[in-house]
Amino acid sequence: MRAVVITRPGGPEVLAVREVPTPEPQGDQVRVRVHAAGLNRADLLQRAGGYPAPPDVPPDIPGLEFAGTVEALGPLARRWRPGQRVMGLAGGGAQAEYIVVHEGLLVEVPDNLDFEQAAAIPEVFMTAHDALFTQAGLQMGERVLIHAAGSGVGTAAIQLAHAVGATTFGTARTPAKLEQARGLGLDHALAAQDFAAEVQRLTQGQGVHVVLDFVGSAYLTQNMEALAPWGRMVILATMGGAQAEINLGLLMAKRLQIRGSTLRARSLEEKLAVTRRFATSVLPLLASGKVRPVVERVYPLEEIAEAHRYMGENRNFGKLVLSLT
């Protein structure tokens, strides 16, 4: 099969499309013929040598999400049949013509979505849903601040929060991305430089109940200032630094909760639970069109290096997708 291969750590030029052995499903695994795969910032980090793959996936084939058709079943797999349209999460290896995954990590693609749209869903919508509702406990009528509003997870989080009646605040690198995010349900677009003061002004000093952060140390103090008493912050990435001083007095005075979250490093059991919650709560919204994947560009597999360059320049609003058909 054809697959994207990281030939060595480095820039986009180290990526190649090569012929590699087709994997065989074992036990309760399913082999999927991949028609499209999503591109995520984790793939860029892995390519650069900063985010090694888990031990149970190919170390040199990136890709955390995919959509395709069931092609073969392991001897213990019972949930799927050949030909079904599915999408799912992977620890790696999704940017290839075939992938094998546990049957419980697959969900059916709604009829209203094509493969390119479906491939833009699993990683970002599962991350956003888990962070907002399982980790932060977002409730109807609460206020949520979502950083990187134009990213894949950001665009998913805005839609999911809006769908449950939360008031959404957001920051992004450019005003153009914030303007696009308004069409997804962003209520208040904020300047990244002084967002805490703007949150307090817009909420008449009450603050937001939840913060979804991808920046890390550079935003930590302002995030805490923006939060309401008993506020919850979930940190999903550290693009602005991983080391920070924290004002414990403010943390205690506001009774704040701060937690970190990733999907890739979780156990199979945890990922199965995330997938089940997604299938129950988010899949019906996707099938009805109440929320939707945001795909900016679709690249053929052979243009994987260009896709990495484009994402590396932070130019995309929503998702970049690779086509394998």
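Look above for the structure.
Residues numbered from 1 in each chain as written. Predicted model: local features only at pLDDT ≥ 70, side-chain atom pairs only at ≥ 80, totals over all residues. Heavy atoms only, no water.

### Here's the deal with empty space enclosed by the protein
So the rule is basically this: Here the term cavity refers to a set of points on a 1 Å grid, laid over the protein atoms alone, in which a 1.4 Å probe fits but cannot get out; the term pocket refers to an open set having protein on both sides within 12 Å along at least five of seven lines, with lining residues being those that place an atom within 4 Å of a point. Grid points are joined across faces, edges and corners, and a volume is the space filled by probe spheres set on the points. Classification used: nonpolar for Ala, Val, Leu, Ile, Met, Phe, Trp, Tyr, Cys and Pro, charged for Asp, Glu, Lys and Arg, polar for all others including Gly.
By the definition in use, this model includes one cavity of 30 Å³ or more. In this structure, the largest cavity occupies an estimated 60 Å³ of space. Around the largest cavity, the lining residues are L64, L89, A90, G91, E123, L263, R264 and K271. Here the residues of the lining of the largest cavity sort into four nonpolar, one polar and three charged.

### Focus on the layout of surface pockets
Condition: By definition, any uninterrupted DSSP run of H or I lasting at least four residues is a helix, any uninterrupted run of E lasting at least two residues is a strand, and each is numbered from the N terminus.
Considered as a void within the structure, the largest pocket measures approximately 1000 Å³ in volume. Roughly 490 Å³ of internal volume is contained in the second largest pocket. For the second largest pocket, the lining is made up of 27 residues, of which Q29, D56, V57, V100 and V101 are closest to its centre. Listed by contribution, the elements that provide at least two residues to the lining of the second largest pocket are β6 (98-102) and α9 (268-281). The element contributing the most residues to the lining of the second largest pocket is β6, with five residues.

### Re the side chain of H35
What counts here: Exposed residues in this analysis have more than 50% of their type's maximum accessible area, buried residues have under 20%, and partly exposed residues fall in between, with area computed by a 1.4 Å probe over protein chains only. Contacts are residue-level and defined by heavy atoms, with any inter-residue pair within 4.5 Å sufficient.
Note that H35 resides in strand β3 (residues 29-39). Since its relative accessible area comes to 16%, H35 is described here as buried. Here H35 is in contact with A67, G68, T69, F115, L322, S323, L324 and T325, once residues within four sequence places are set aside.

### Considering helix α1 (residues 41-48)
Those residues of α1 that sit buried are A42, D43, L44, Q46 and R47. Where α1 is buried, its residues touch β1 (2-6), β2 (15-19), β3 and α11 (304-312). Positive phi appears at G49, one or two residues downstream of α1, with a value of about 95°.

### Concerning the packing of helix α3 (residues 122-135) against α9
The criterion, for reference: To define axes, lines are fitted to C-alpha atoms, for helices over the stretch in contact only, and angles between the resulting N-to-C directions are given on a 0 to 180 degree scale. Oblique is the label for any angle not covered by the other classes, which are roughly parallel (under 35 degrees), roughly antiparallel (over 145) and roughly perpendicular (65 to 115).
Put simply, α3 and α9 touch, their axes get as near as 10 Å, and they point 90° apart. By the angle between their directions, the pair α3 and α9 is classed as roughly perpendicular. Touching F125, M126, H129, D130 and T134 of α3 are V274, T275, R277, F278 and S281, all from α9. Class assignment for the residues of the contact of α3 with α9 results in four nonpolar, four polar and two charged.

### Description of unusual backbone geometry
For A148, which is not glycine, the phi dihedral falls at a positive 50°. Along the chain, A148 falls in the loop between β8 (143-146) and α4 (152-163). Residue class for A148 comes out partly exposed when judged on its relative accessible area of 26%. For R255, which is not glycine, the phi torsion reads 55° and is therefore positive. Relative to the assigned elements, R255 resides in the loop between α8 (248-254) and β13 (257-260).

### Digging into the nonpolar core
Definition in use: Put simply, buried Ala, Val, Leu, Ile, Met, Phe, Trp, Tyr and Cys residues joined by side-chain atoms within 4.5 Å make one nonpolar core.
Within the largest apolar cluster, 50 residues are counted, with the highest numbers of intra-cluster contacts made by M87, F125, L132, V144, L212, F278 and L286. Not counting residues within four places of it along the chain, the set of residues in contact with L212 comprises A131, L132, L145, I146, H147, A157, V234 and L236. Counting residues in each nonpolar core, the second largest holds 29 residues, with F66, A90, M311 and L320 among its members.

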